[in-house]
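Structure assessment
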Amino acid sequence: MFACSKFTSTPSLVRSTYQLLSRPLSAVVLNRPETLTDKSHSLAGPRPLTSPVPSRRFQTSAISRDIDTAAKFIGAGAATVGVAGSGAGIGTVFGSLIIGYARNPSLKQQLFSYAILGFALSEAMGLFCLMVAFLILLAM
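For the structure given in this document, a descriptive report is provided here. None of the values given here were measured: they were computed from a predicted structure.

Some details on the environment of Phe134
Considering the arrangement of structural elements, one finds Phe134 in helix 6 (residues 108-139). Here the alpha-carbon distance between Phe134 and Thr80, two residues 54 residues apart in the chain, equals 9.3 Å.

Written out as structure tokens, the structure is:
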């Protein structure tokens, strides 16, 4: 067990893991992994924690921009699914209004006010979904 803990906490392993974790995710995924050689690490021992870690500047490649654009379109498309639900809700509300009016015509005014309330709530949810879709496309 001591040999295992000694292996997992070697300075070169800790340093390479820290450098890998400090890079942006797109740089880690899109670039080839770095090959570690004995020349890349000094034998002077571990670096102090206050020393600056060499890190790359934030770079946006054409591939990562395309991935971000595709993710925006997928998210906006998923957000607009609620608009179809809004249409189904409005159809259900007015279908129920017709059925209720056919069963009891004397409650016409009360049923109509409930139908307008249901229409407004269903339409508001559809508009919220559309607003979220536009926010995903234009704000990010």
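A look at a nonpolar patch on the surface
There is a patch of nonpolar side chains on the surface, built from Phe73, Val83, Leu127, Leu130, Phe134, Leu137 and Leu138 and spanning about 670 Å² of accessible area. Among the elements that take part in the nonpolar patch, helix 6 stands out by supplying 5 residues, more than any other.

Some remarks on the packing of helix 4 (residues 62-79) against helix 6
Running from amino to carboxyl end, helix 4 crosses helix 6 at an angle of 175°, the nearest separation of the two axes being 8 Å. Compared by their axis directions, helix 4 and helix 6 come out roughly antiparallel. Only Cys129, Val132, Ala133, Ile136 and Leu137 of helix 6 make contact with helix 4, whose side of the interface consists of Lys72, Phe73, Gly75, Ala76 and Ala79.

Examining helix 5 (residues 81-103)
The first and last C-alpha atoms of helix 5 sit 34 Å apart over 23 residues, in line with the 33 Å expected at 1.5 Å per residue. Along helix 5, the residues that are buried comprise Ser86, Ile90, Leu97 and Gly100. Where helix 5 is buried, its residues touch helix 6.

Comments concerning the side chain of Ser122
Checked against the element boundaries, Ser122 lands in helix 6. Other than its neighbours up to four places away in sequence, Ser122 contacts Ser86, Gly89 and Ile90.

Topic: helix 6
Because each turn of an α-helix spans 3.6 residues, side chains separated by three or four positions in sequence point in the same direction. With 32 residues, helix 6 ought to run about 46 Å at 1.5 Å a step, and its terminal C-alpha atoms sit 45 Å apart, in line with that. For helix 6, the complete set of buried residues consists of Ala115, Ser122, Gly126, Ala133 and Ile136. Looking at the packing, one finds that the buried side of helix 6 touches helix 4 and helix 5.

Notes on the packing of helix 5 against helix 6
Relative orientation of the contacting elements helix 5 and helix 6 amounts to 175°, with a least axis distance of 8 Å. One element, helix 5, and the other, helix 6, form an angle in the roughly antiparallel class. Residues Gly82, Val83, Ser86, Gly89, Ile90, Val93, Phe94, Leu97, Gly100 and Tyr101 of helix 5 form the contact with helix 6, whose own contacting residues are Lys108, Leu111, Phe112, Ala115, Gly118, Phe119, Ser122, Glu123, Gly126, Cys129 and Leu130. Grouping the amino acids of the contact of helix 5 with helix 6 by side-chain chemistry returns 12 nonpolar, 7 polar and 2 charged.

What counts, and where the lines are drawn
Residues numbered from 1 in each chain as written. Predicted model: local features only at pLDDT ≥ 70, side-chain atom pairs only at ≥ 80, totals over all residues. Heavy atoms only, no water. Helix = DSSP H or I, 4+ residues; strand = E, 2+ residues; numbered from the N terminus. Patch = residues over 30% accessible without salt bridge, like charges linked within 9 Å, V, L, I, M, F, W, Y side chains within 5 Å. Areas by Shrake-Rupley, 256 points an atom, 1.4 Å probe, with all protein chains shown as cover. Salt bridge = Lys/Arg side-chain N within 4 Å of Asp/Glu carboxyl O. Axes fitted to C-alpha atoms, helices over the stretch in contact; angles between N-to-C directions. Parallel < 35°, antiparallel > 145°, perpendicular 65-115°, else oblique. Contact = heavy atoms within 4.5 Å. Expected span 1.5 Å × (residues − 1). Buried < 20%, exposed > 50% of the residue type's maximum accessible area, 1.4 Å probe, protein only. Nonpolar A, V, L, I, M, F, W, Y, C, P; charged D, E, K, R; others polar.

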